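# Coordinates in review
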Amino acid sequence: MLDFKSILKMATISLKINKMRSMLTSLGIIIGVSAVIIMLAVGSGASQKIAKDMESMGSNLLMVRSASAKSGGVRMGTGTRPTLTLKDAQAIETKCRGVFAVAPYSTEAKQLTYGNQNWSTTVGGTTMPYFMIRNYEIEAGRGFIPEDIKNGTKVTIIGQTVANELFGDVDPIGKTIRVGNIPFKVIGLLKTKGSSGMGQDQDDLIFIPITTAQRKVFGTDFPGTVGMITVKAQSDEVIDIAQQDITDLLKERHNIGKNQDNDFEIRNLAEMQETIKSTTKTMSLLLGAIAGVSLIVGGIGIMNIMLVSVTERTKEIGIRMAIGAKASDIRIQFLIESFLLSIIGGMVGVVVGILGAYLMYRFAGMNVAITPASIILSLGFSAAIGIGFGYYPAYKASLLNPIDALRYE
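Values in this document were obtained by computation on a predicted structure and should not be read as measured data.

Within the protein chain, the secondary structure is distributed over 13 helices and 14 strands. By sequence separation, contacts in the protein chain at least 24 residues apart represent 77% of the contacts at least 6 residues apart. When the accessible area of the protein chain is evaluated, it comes to approximately 21200 Å², of which 59% is carbon and sulfur surface.

Another point: the nonpolar core. The tendency in soluble globular proteins is for nonpolar side chains to be buried side by side. Of all hydrophobic cores here, the largest spans 24 residues; its most connected members are Val64, Ile92, Ile229, Val231 and Ile246. Contributions of two or more residues to this core are made by β1 (61–66), α3 (86–95), β5 (99–114), β13 (228–233), α8 (239–253) and β14 (264–268). When near neighbours in sequence (up to four residues on either side) are disregarded, Val231 contacts Asn60, Leu61, Leu62, Val64, Ile92, Val99, Ala101, Val102 and Ile246. If you look at the next biggest cluster of nonpolar residues, it comprises 23 residues, including Leu40, Leu295, Met321 and Ile336.

Counted residue by residue, β13 has six buried out of six residues, so it is predominantly covered. Burial along β13 is two-sided: the residues Met228, Thr230 and Lys232 and Ile229, Val231 and Ala233 are all buried. Pairing analysis gives five bridges linking β1 to β13, with the strands arranged antiparallel. The residue bridging Leu62 from the neighbouring strand is Val231, located in β13. Alignment of β5 against β13, held across six bridges, turns out to be antiparallel. The residue of β13 that forms the bridge with Val99 is Ala233.

Pairs of aromatic rings are described using the distance from one ring centre to the other and the angle between the two planes. Applying the stated criterion across every chain, the model contains eight aromatic pairs. Note on Tyr105 and Tyr130: the rings are 4.7 Å apart at their centroids and 5 degrees apart in plane angle, and the pair reads as stacked. Of this pair, Tyr105 sits in strand β5 while Tyr130 sits in helix α4 (residues 129–133), and the two are 25 residues apart along the sequence. Exposure class is identical for Tyr105 and Tyr130. Each is buried. Following the ring pairs from residue to residue traces out a cluster consisting of Tyr105, Tyr130, Phe131, Tyr136, Phe144 and Phe207.

Compared with the 21 Å implied by 1.5 Å per residue over 15 residues, the 21 Å span of α8 between its first and last C-alpha is a close match. Of the positions making up α8, those classed as buried are Ile239, Ala242, Asp245, Ile246, Thr247, Leu249 and Leu250. Following α8 by one or two positions, Asn255 has its phi on the positive side, about 55 degrees.

With that settled, the discussion passes to the pairing of strand β11 (residues 205–209). With five of five residues buried, β11 lies mostly within the body of the structure. By the bridge criterion, five bridges tie strand β6 (residues 117–126) to β11 in an arrangement that is parallel. Each bridged residue has a counterpart across the sheet, and for Val123 the counterpart in β11 is Ile206. Pairing between strand β8 (residues 155–158) and β11: two bridges, direction antiparallel.

Buried residues dominate helix α7 (residues 210–217), accounting for six of its eight residues. Among all positions of α7, only Ile210, Thr211, Thr212, Ala213, Gln214 and Val217 are buried.

For the pair helix α10 (residues 314–322) and helix α11 (residues 327–364), interaxial distance at closest approach is 10 Å and the crossing angle is 140 degrees. Relative to α11, the element α10 lies oblique. Of the two elements, α10 crosses α11, and the hand of that crossing is right-handed. Where α10 abuts α11, its residues Glu316, Ile317, Arg320 and Met321 lie against Ala327, Asp329, Ile330, Gln333 and Phe334. Residues that form the contact of α10 with α11 fall into these classes: five nonpolar, one polar and three charged.

Glancing now at the side chain of Thr212. Along the chain, the position of Thr212 falls in helix α7. Assessed through its relative accessible area of 0%, Thr212 is described here as buried. At 2.7 Å, the side chain of Thr212 and the backbone oxygen of Thr153 are in polar contact. In this structure, Thr212 is in contact with Asp148, Gly152, Thr153, Lys154, Phe184 and Val217, ignoring residues within four places of it in sequence.

What the rule picks out here adds up to five salt bridges. Here Glu137 makes a salt bridge to Lys191, at a shortest N to O gap of 3.3 Å. Linking Glu137 in the loop between α4 and β7 (138–141) with Lys191 in the loop between β10 (182–190) and β11, this pair joins segments that are 54 residues apart in sequence. Of the residues examined, Lys191 reaches a relative accessible area of 36% and is grouped as partly exposed.

Summarising the element assignment, Thr161 is placed in helix α6 (residues 160–167). Residues within four places of Thr161 in sequence aside, it is in contact with Trp119, Asp201, Asp203 and Asp204.

Our focus in this paragraph is a positive patch on the surface. Together, Lys154, Arg178, Arg215 and Lys216 line one region of the surface with positive charge. Looking at the secondary structure, you find Lys216 in helix α7. In this structure Lys216 comes out as partly exposed when scored by relative accessible area, which is 39%.

Close contact between α3 and α8 brings their axes to 10 Å; oriented N to C, the two are set at 135 degrees. One finds that α3 runs oblique with respect to α8. The hand of the α3/α8 crossing is right-handed. On the side of α3, the interface is formed by Lys87, Asp88, Ala91, Ile92 and Lys95, while α8 contributes Ile246, Leu249, Leu250 and Arg253. When grouped by side-chain class, the residues that make up the contact of α3 with α8 number five nonpolar, no polar and four charged.

Cut-offs and rules
Residues numbered from 1 in each chain as written. Predicted model: local features only at pLDDT ≥ 70, side-chain atom pairs only at ≥ 80, totals over all residues. Heavy atoms only, no water. Helix = DSSP H or I, 4+ residues; strand = E, 2+ residues; numbered from the N terminus. Contact = heavy atoms within 4.5 Å. Areas by Shrake-Rupley, 256 points an atom, 1.4 Å probe, with all protein chains shown as cover. Core = buried A, V, L, I, M, F, W, Y, C linked by side-chain atoms within 4.5 Å. Buried < 20%, exposed > 50% of the residue type's maximum accessible area, 1.4 Å probe, protein only. Pairing = 2+ DSSP bridges. Phe/Tyr/Trp six-rings, centres within 6.5 Å; stacked < 30°, edge-to-face > 60°. Expected span 1.5 Å × (residues − 1). Axes fitted to C-alpha atoms, helices over the stretch in contact; angles between N-to-C directions. Parallel < 35°, antiparallel > 145°, perpendicular 65-115°, else oblique. Left-handed = near helix turned anticlockwise from the far one by under 90°. Nonpolar A, V, L, I, M, F, W, Y, C, P; charged D, E, K, R; others polar. Polar contact = N/O pair within 3.5 Å; in protein donor to acceptor, adjacent residues only side chain to side chain. Salt bridge = Lys/Arg side-chain N within 4 Å of Asp/Glu carboxyl O. Patch = residues over 30% accessible without salt bridge, like charges linked within 9 Å, V, L, I, M, F, W, Y side chains within 5 Å. Lys, Arg positive; Asp, Glu negative; His and termini not counted. Charge placed at Lys NZ, Arg CZ, Asp CG, Glu CD.

Take a look at the structure:
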């Protein structure tokens, strides 16, 4: 009876004798594993990018916007009918359940100037809770204080892009810029957030107190109105309760009857985020499944080559059986050969996959993330493919009759 060590040695020698065939047999596994690594890296990278973008947006968010206006039967789009006010925001904060923070927000594009530098950007009028709600952090200076909101102070907090364009390497804190023709003192500088999931530069903006925006910067025929009210719920569990309470409260405040259309719209960003996460997960699984097909094709290649090998080595099998090898020894040897082909191909495929993922990141600019789980999954799958597709040739070899095998030409 041959021991496992001897069987492993003979399997290794057999593969070395047919180096070219062994290499070509492993090629399918190499391609399959590298494809799985690359596809999973792309999927994981996309998931991480989306998660980062969502984190920068904030969590448990409800966006309350004015409804669309109509002109000559044409709907002008969400926010074109100014119906929300600062008092609505205050009422939501004090009367609705599950609400953690509330911030009114209005925005317009304005031209900024400092010395001989100018820059066009988005000016947002809001209150201090908005920065916490949308995960903006102040890197230098300070935020708004209650007196800024109460008195409509001409102060501003600017993003990194605006700071770079107007001030370069100069510290912007304490400097005075013009928003349109109105001077504003820079009191704060925001930390960099980068681009959003839609490619928008989240650092190319400035913030001013909402009251200052209403009274001195944004021209409006509807004093006291705001474009949007941003609400952060206490948790995922109560966000639906908060949304329903806000709907009921605004209907009551705006005197909307049962059969009348709402003059506001509420967007639940948590639902949108969950939908995006689910879609991304599905795409990652789909990419992995497509790549997995390559592994199966590689497994079929191993099975075919092993069947050919059994036929070519029929006399060898007969001699081994004649001197005492059992059917199980023959079966184990061929299974080991198949396993070695697949696992070696798998390890080479991992290296090729990591290199391919890096090249996609380096030259295509794609977000990729190679995780230990994807490597373990690929190697495990390739090993399973080797054993699974190698079993039939091994089983067929073990069934050979020694006498018939020795007579085989």
